[in-house]
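Given next are the chains, with one letter for each unit.
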There are 2 protein chains.
Amino acid sequence: MRVLDVIQKKRDGQELSTGEIHAVIERYTRGEIPDYQMSALLMAIYFQGMSPAETRALIQAMMHSGQVVDLSSIPGTKVDKHSTGGVGDKVSLVLAPLVASVGVPVPMISGRGLGHTGGTLDKLESIPGFRTQLSLSEYRDITAKIGVAMIGQTPELTPADRKLYALRDVTGTVESIPLITASILSKKLAAGPDAIVFDVKVGKAAFMKTMDDAQTLAQNLVNISAEMGRGAVALLTNMNQPLGYAIGNALEVEESIDALAGKGPADLMEIVYALSAEMLWLAKRVETLEEGITVLQQHIADGKALAKFEELIQIQGGDPGVITDRSRLPQATHLYEIKSPQTGWIASMDPLLMGQVACELGAGRATIEDVIDPAVGLSVPVKVGDAVDTGQLLIRVYATDPQKGERAIHRLQTAIEISDTPTTPLSGIYDRLLPGIK
Amino acid sequence: MRVLDVIQKKRDGQELSTGEIHAVIERYTRGEIPDYQMSALLMAIYFQGMSPAETRALIQAMMHSGQVVDLSSIPGTKVDKHSTGGVGDKVSLVLAPLVASVGVPVPMISGRGLGHTGGTLDKLESIPGFRTQLSLSEYRDITAKIGVAMIGQTPELTPADRKLYALRDVTGTVESIPLITASILSKKLAAGPDAIVFDVKVGKAAFMKTMDDAQTLAQNLVNISAEMGRGAVALLTNMNQPLGYAIGNALEVEESIDALAGKGPADLMEIVYALSAEMLWLAKRVETLEEGITVLQQHIADGKALAKFEELIQIQGGDPGVITDRSRLPQATHLYEIKSPQTGWIASMDPLLMGQVACELGAGRATIEDVIDPAVGLSVPVKVGDAVDTGQLLIRVYATDPQKGERAIHRLQTAIEISDTPTTPLSGIYDRLLPGIK
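Quick caveat, the model's predicted, so the values are computed rather than measured.

### Quick look at the overall build of chain A
A tally of regular secondary structure across chain A gives 16 helices and 13 strands. Relative to a compact globule of 438 residues, whose C-alpha radius of gyration would be 22 Å, chain A shows 22 Å and is just as compact. Overall size of chain A, expressed as C-alpha extent along the three principal axes, is 70 × 45 × 40 Å. The 438 residues of chain A split such that 58% are buried. In chain A, the proportion of contacts linking residues at least 24 apart, taken out of those at least 6 apart, comes to 78%. Accessible surface computed for chain A: about 16300 Å², of which carbon and sulfur atoms make up 51%. Charged side chains in chain A number 40 positive and 52 negative. The centres of these two groups are separated by 4 Å.

### Side note on the side chain of Asp-80 of chain B
Residues and elements named next belong to chain B. By the element assignment, Asp-80 lies in strand S1 (residues 79-83). Among the polar contacts made by the side chain of Asp-80, one reaches the side chain of Lys-188 at a distance of 2.8 Å. Apart from residues lying up to four places away in sequence, Asp-80 is in contact with Pro-107, Met-108, Ile-109, Lys-188, Pro-193, Ala-195, Ile-196, Val-197 and Met-279.

### So, the domain arrangement of chain A
Along its sequence, chain A is organised into domain 1 (3-49), domain 2 (79-324) and domain 3 (331-419). Placing a centre on the C-alpha atoms of domain 1 of chain A and another on those of domain 3 of chain A gives a separation of 43 Å.

### Regarding the interface of chain A and chain B
On the chain B side, the residues contacting the 22 residues of chain A number 22 residues. With both sides pooled, the region where chain A packs onto chain B buries about 1700 Å², and carbon together with sulfur makes up 65% of that total. When the area that chain A buries against chain B is broken down by residue, the three leading residues are Arg-11, Tyr-36 and Phe-47 of chain A, summing to 35%. Of the charged contacts, one joins Glu-175 of chain B and Arg-11 of chain A as a salt bridge, the two residues approaching to 2.9 Å between their closest N and O atoms.

### Regarding the packing of aromatic side chains
Within this structure, the stated rule accounts for three aromatic pairs over all chains. Ring geometry for Tyr-46 of chain B versus Phe-47 of chain B: centroids 5.3 Å apart, planes at 80 degrees, classification edge-to-face. For Phe-47 of chain B, a relative accessible area of 24% gives the class partly exposed. By way of ring pairs, the aromatic residues Tyr-46 and Phe-47 of chain A together with Tyr-46 and Phe-47 of chain B are connected into one cluster. Over the aromatic face of Tyr-28 of chain B sits the side chain of Lys-163 of chain B, whose NZ or CZ is 4.2 Å from the ring centroid. Stacked on the ring of Trp-281 of chain B, the Lys or Arg Arg-432 of chain B has its end atom at 5.0 Å from the ring centre.

### So, the sheet that holds strand S9 (residues 377-379) of chain A
Residues and elements named next belong to chain A. Ordered by their spatial adjacency, four strands build an open sheet running S6-S9-S11-S7, and the pairing between neighbours is antiparallel. Both outer strands of the open sheet, strand S6 (246-247) and strand S7 (334-339), are each paired with one neighbouring strand and no more. Sheet analysis places S9 next to strand S11 (residues 393-399), joined by three bridges and oriented antiparallel. Residue pairing across strands places Gly-377 opposite Tyr-398, the latter belonging to S11. Of the strands in this sheet, S6, S9 and S11 are in contact with helix H15 (residues 351-363), which crosses S9 at around 135 degrees. Across the face of the sheet, helix H16 (residues 402-411) comes into contact with S7 and S11 while running at roughly 10 degrees to S7.

### A word on the relation of the copies chain A and chain B
Of the transformation superimposing chain A on chain B, the axial component is 0.0 Å and the angular component is 179 degrees, with the fit at an RMSD of 0.1 Å. Overall, the copies show the geometry of a two-fold rotation axis. Ranked by how close their C-alpha atoms come to the rotation axis, the residues of chain A are headed by Tyr-36 of chain A, at 1.8 Å. Same-surface contact between copies: 100% of interface residues of chain A are shared with the interface of chain B.

### Let's talk about helix H7 (residues 136-146) of chain B
Residue and element names in this part refer to chain B. Buried residues of H7: Leu-136, Tyr-139, Ile-142, Thr-143 and Ile-146, and no others. For H7, the buried positions fall inside an angular range of 125 degrees around the axis, keeping them on one side. Residues Ala-144 and Lys-145 are exposed on H7 and point more than 90 degrees away from its buried face.

### Describing the environment of Ile-151 of chain A
Residue and element names in this part refer to chain A. Here Ile-151 shows up in strand S3 (residues 148-152). Taking the relative accessible area as the measure of exposure, Ile-151 reaches 0% and is therefore buried. Here the alpha-carbon distance between Ile-151 and Thr-367, two residues 216 residues apart in the chain, equals 21 Å.

### Things to note about the side chain of Ser-225 of chain A
Relative to the assigned elements, Ser-225 of chain A resides in helix H10 (residues 211-227). Sequence-distant contacts of Ser-225 of chain A, defined by excluding residues within four places in its chain, comprise Leu-185, Ile-196, Phe-198, Arg-230 and Ala-232 of chain A.

### What to know about the pattern of salt bridges
One pass over the structure, following the stated rule, counts 60 salt bridges over all chains. In the salt-bridge network here, residues are joined through shared partners; they are Arg-112, Asp-122, Glu-125 and Arg-365 of chain A.

### Let's talk about the packing of helix H2 (residues 18-29) of chain A against helix H4 (residues 52-63) of chain A
All names here are of chain A. At a minimum axis distance of 9 Å, the contact between H2 and H4 shows a crossing angle of 35 degrees. As H2 packs across H4, the resulting crossing turns out to be right-handed. In contact with Thr-18, Ile-21, His-22 and Ile-25 of H2, H4 contributes Glu-54, Ala-57, Leu-58, Gln-60, Ala-61 and Met-62. Its residues placed into classes, the contact of H2 with H4 shows six nonpolar, three polar and one charged.

### Here's the deal with unusual backbone geometry
Residues and elements named next belong to chain A. Backbone geometry places Thr-158, a non-glycine residue, at a positive phi of 35 degrees. Topologically, Thr-158 is positioned in the loop between S3 and helix H8 (159-171). Residue Lys-284 is not a glycine yet carries a positive backbone phi of 60 degrees. With respect to the element layout, Lys-284 can be found in the loop between helix H12 (266-282) and helix H13 (289-301).

### Points about helix H3 (residues 35-48) of chain A
Over its 14 residues, H3 of chain A runs 20 Å from end to end, which matches the ideal 20 Å to within 8%, given 1.5 Å per residue. Looking at the residues trailing H3 of chain A, positive phi occurs at Gly-49 of chain A, about 70 degrees.

### Some points on the sheet that holds strand S11 (residues 393-399) of chain B
Residue and element names in this part refer to chain B. What the four strands build is an open sheet, ordered S6-S9-S11-S7; its pairing is antiparallel. At either end of the open sheet lies a strand with only one pairing partner, and these are strand S6 (246-247) and strand S7 (334-339). One ladder, built from two bridges, connects S6 with strand S9 (residues 377-379); its direction is antiparallel. Paired with Ala-246 across the bridge in S9 is Ser-379.

### So, the confidence of the model for chain A
Where the model shows low pLDDT, its predicted coordinates should not be examined in detail. Averaged over all residues, the pLDDT of chain A equals 96, while 100% of them reach at least 70. The ipTM value of the predicted complex is 0.85, and its pTM value is 0.87.

### A few points about the pairing of strand S4 (residues 195-202) of chain B
Residues and elements named next belong to chain B. Burial analysis of S4 places eight of its eight residues in the buried class, which makes it a mostly covered element. Going residue by residue along S4, you find Ala-195, Val-197, Asp-199 and Lys-201 tucked away on one face and Ile-196, Phe-198, Val-200 and Val-202 tucked away on the opposite face as well. The pairing of S1 with S4 spans five bridges and is parallel. Opposite Asp-80, over in S4, you have Ile-196 as the bridge partner. Bridging between S4 and strand S5 (residues 231-238) involves eight bridges; their strand directions are parallel. The residue of S5 that forms the bridge with Phe-198 is Ala-234. Remark: the S4/helix H10 (residues 211-227)/S5 crossover connection has right-handed handedness.

Reading the values: rules and limits
- Each chain has its residues counted from 1, following the order in which its sequence is written.
- Chains carry letters from A onward and ligands carry numbers from 1 onward, assigned in written order.
- pLDDT decides what is reported in this predicted model: residues at 70 or higher carry local features, side-chain atom pairs at 80 or more are listed and counted, and totals for whole chains, interfaces and linings draw on all residues regardless.
- Hydrogens are left out, water is left out, and the side-chain values use all remaining heavy atoms of the structure.
- Helix numbers and strand numbers start at the N terminus; a helix is a DSSP run of H or I with at least 4 residues, a strand a run of E with at least 2.
- Both definitions apply: the radius of gyration is a C-alpha atom measure, and the globule rule equals 2.2 Å times residues to the power 0.38.
- Here's how the labels work: a residue is buried when its accessible area is under 20% of the maximum for its type, exposed when over 50%, partly exposed in between, all with a 1.4 Å probe on protein chains only.
- The contact criterion used is simple: two residues touch if any of their non-hydrogen atoms lie within 4.5 Å.
- Each accessible area is a Shrake-Rupley estimate made with a 1.4 Å probe; only the visible protein chains count as cover when residues are assessed.
- All tallies of charge rest on Lys and Arg as positive and Asp and Glu as negative; His and the ends of each chain are not included.
- One atom stands in for each charge, and that atom is NZ of Lys, CZ of Arg, CG of Asp or CD of Glu.
- Here a polar contact means two N or O atoms within 3.5 Å. Within protein one must be a hydrogen donor candidate and the other an acceptor candidate, and residues neighboring in sequence count only if both atoms are side-chain atoms.
- Domain limits in this description derive from either an automatic procedure or a database domain assignment.
- What counts as buried area is the accessible surface, traced by a 1.4 Å probe, that two parts surrender upon association, with contributions from both included.
- Should a side-chain nitrogen of Lys or Arg be within 4 Å of a carboxyl oxygen of Asp or Glu, the pair is scored as a salt bridge.
- Here a pair means two rings of Phe, Tyr or Trp (six-membered ring of Trp) with centres within 6.5 Å. Their orientation is stacked below 30 degrees between planes, edge-to-face above 60, and tilted elsewhere.
- Definition used: whenever NZ (Lys) or CZ (Arg) falls within 6 Å of the ring centre and also within 35 degrees of the ring normal, the charge is taken to sit over that ring.
- Any two strands between which DSSP finds at least two bridges are classified as paired.
- Axes here refer to lines fitted to C-alpha atoms; in helices the fit is confined to the stretch in contact. Angles between the N-to-C directions go from 0 to 180 degrees.
- Our superposition of the copies is a least-squares fit, built on the C-alpha atoms of residues whose pLDDT is at least 70 in both.
- By definition, the arc is the one covered by directions from the helix axis to the C-beta atoms.
- Crossing handedness: left-handed means the near helix sits turned counterclockwise from the far one by under a right angle, and right-handed means the same turn made clockwise.
- Charged residues are taken to be Asp, Glu, Lys and Arg, nonpolar residues to be Ala, Val, Leu, Ile, Met, Phe, Trp, Tyr, Cys and Pro, and polar residues to be all remaining types, Gly included.
- By definition here, a helix of n residues has an expected span of 1.5 Å times n minus one.
- Confidence scores labelled pLDDT are given residue by residue by the predictor and lie between 0 and 100.
- Handedness of a crossover is defined as follows: orient the strands so they point away from the viewer, and if the path from the first strand over the helix to the second runs clockwise, the crossover is right-handed.

Now the structure itself:
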């Protein structure tokens, strides 16, 4: 096989064979295909797409480019959750201990934030001492012992995805549904779960801007997961405002603790309960989603979910004292506020801008080398549809550098639009997709 | 400017600015943009195309990536000819001395063969001693002195094109009309001519397989040349059979000498006269093409054209004795023949196969590192439409390695199709394009 022939075949709209895809991925992972040929192939895939068979072959090839974790020694149906990323998306921090507290194992391998979206690992690491860079055997052991582990990518897992993602990031080939599907599923499947719930976010601050794209991606994800023998459900959820109030690492840990203690913002809890109930349903722990939500609410009410989070923090080396003493989390030194200039109703928000401003404050990374400031971020304690009074708090900025804080306030002046007439709250969940429906 | 933004802009079908294109080419030439980003951009250009303004900017940027030759000290209108390449295309060897013999300077910077097409430099170098790797000042001096010079690319000329072409060759991004246009014109314009005649070949063994593509490319070439202040004409010519009889380097030099001596095959002479007349017309040496052809025929008849070729060989270090003594050219050691198995008419030929077989015999390169065998090749002394008798010679194979010769004979069995009923000769010239007609 000549790589040039594969590039030209894809460029000309012909279907690549499973053998060709495996050969390309294996040779690229071994460094035998130069980046300049791979980026040309990726751009050709961007334009020509991939058939379901090609996408499956790509996932298999990427998944098997490294170790595939075997979790079969752990009893029960292991269920993971994947989000395509949004602003204020701390769902994993609440959902993982919550679902585990019900007895369904949640082995979770998460990512870091880049650009305006945050990353679960960065949030967890704002808890003093919390270790996310564990080995795959620690990951398996911790899941076996307490029913939940939350770790970062390890070098043994899907090296092809790591190499490909870095290349796509600098060659304008990120926004391709088959490539996104392959990146997500190769990583998730290599981590060993029996079932996966997908949270595909749609809207201004989401990776998928249109419902059509989101639906295509979500259907791809559940169909291929099912074809590979995994249970799968996808929810399409709204990313036209931040999820919950907090944006920023330590701030989101605080809000997650609130959520596990039964005091989470309603929009966050709606998504947490919906995704968690899908996980219980996929694990056959409950027969209906309604039953699932009832069980989950009980586990929050009686403190079991929060206790599981405490157990997780402890076993991964973090300071469980943060649960009762928030001052143990990194604290911002300079606070700024934007208040409502009028009476009215929240008409719209710009969560992309909010995410970018949080990133500029130090909560995220513009490039992979940037260092996170865990203390900084925003609190936005209003939602579209809310009535507001003159002088009511709209945004609080948490900064450690006053210059950045001032700049954030300046940038956020247009982030919230207020109407003189009542507005409609945004729905949290647009759609639910099961495998097989085309 | 971030390269990634430029890639995404082009990928999304937006027009790049002149500044962006210049910055990309300058930085790529200096090695500041990695090949993997450039190949992604090239593939995006393959799919999205380029506007005339973008193409012009690309040509200017590539042209000025190195030295631009100033030939203004040489009196008269300097005219060059460019062919998109074909099988048996020895037109430059005949046309350059012929046009120069009429007093129109022909400064010509040519290329080498790759794949099934031959290269003018390789043909010239089959003349013992002939030097093509001259400096730009030798190129200028020789043109000033005898009115014609035929040299190879030098490192100072369009380094951007050299880098880009090597990358396109291995990333499936060769077949893009704006990129082809830019590659041709940046090189041609940097070499300093005042006017250019383009021979855009169409057909089985041409780079452009369809009339539509050829027309688009040809119109691009003449329009942009004119916009850049150069006279320009393009002819679309037939590449569904070899041009002339000879394929292979020394064989084509022999046929070129025949042509300059008034004994060239009719199909070759038709193209030579047509292109040469356009050059005289662009240089305002004649008022009509008919007048041009008359002048050219005289210069062949009275030996001036052949004398100019002798002068050229001499000044570039070659052995002018080859003109009268063909045995001074490299000679094949093993000859093979294919004869007509029947009486009939030549219905079609496969010039691509013939070019590939000549290449396999050693007349061309499969990769840039291959060494040419100047002696080998084919002679195909029939044309589509010709009547043939049983036993009449169709193809003679000139080999230096008997194994390769046997293999060539075997491969060529299907190269010529004979019909029981009369067939129509192919027209040599399909169309003539002037600037401005869209």
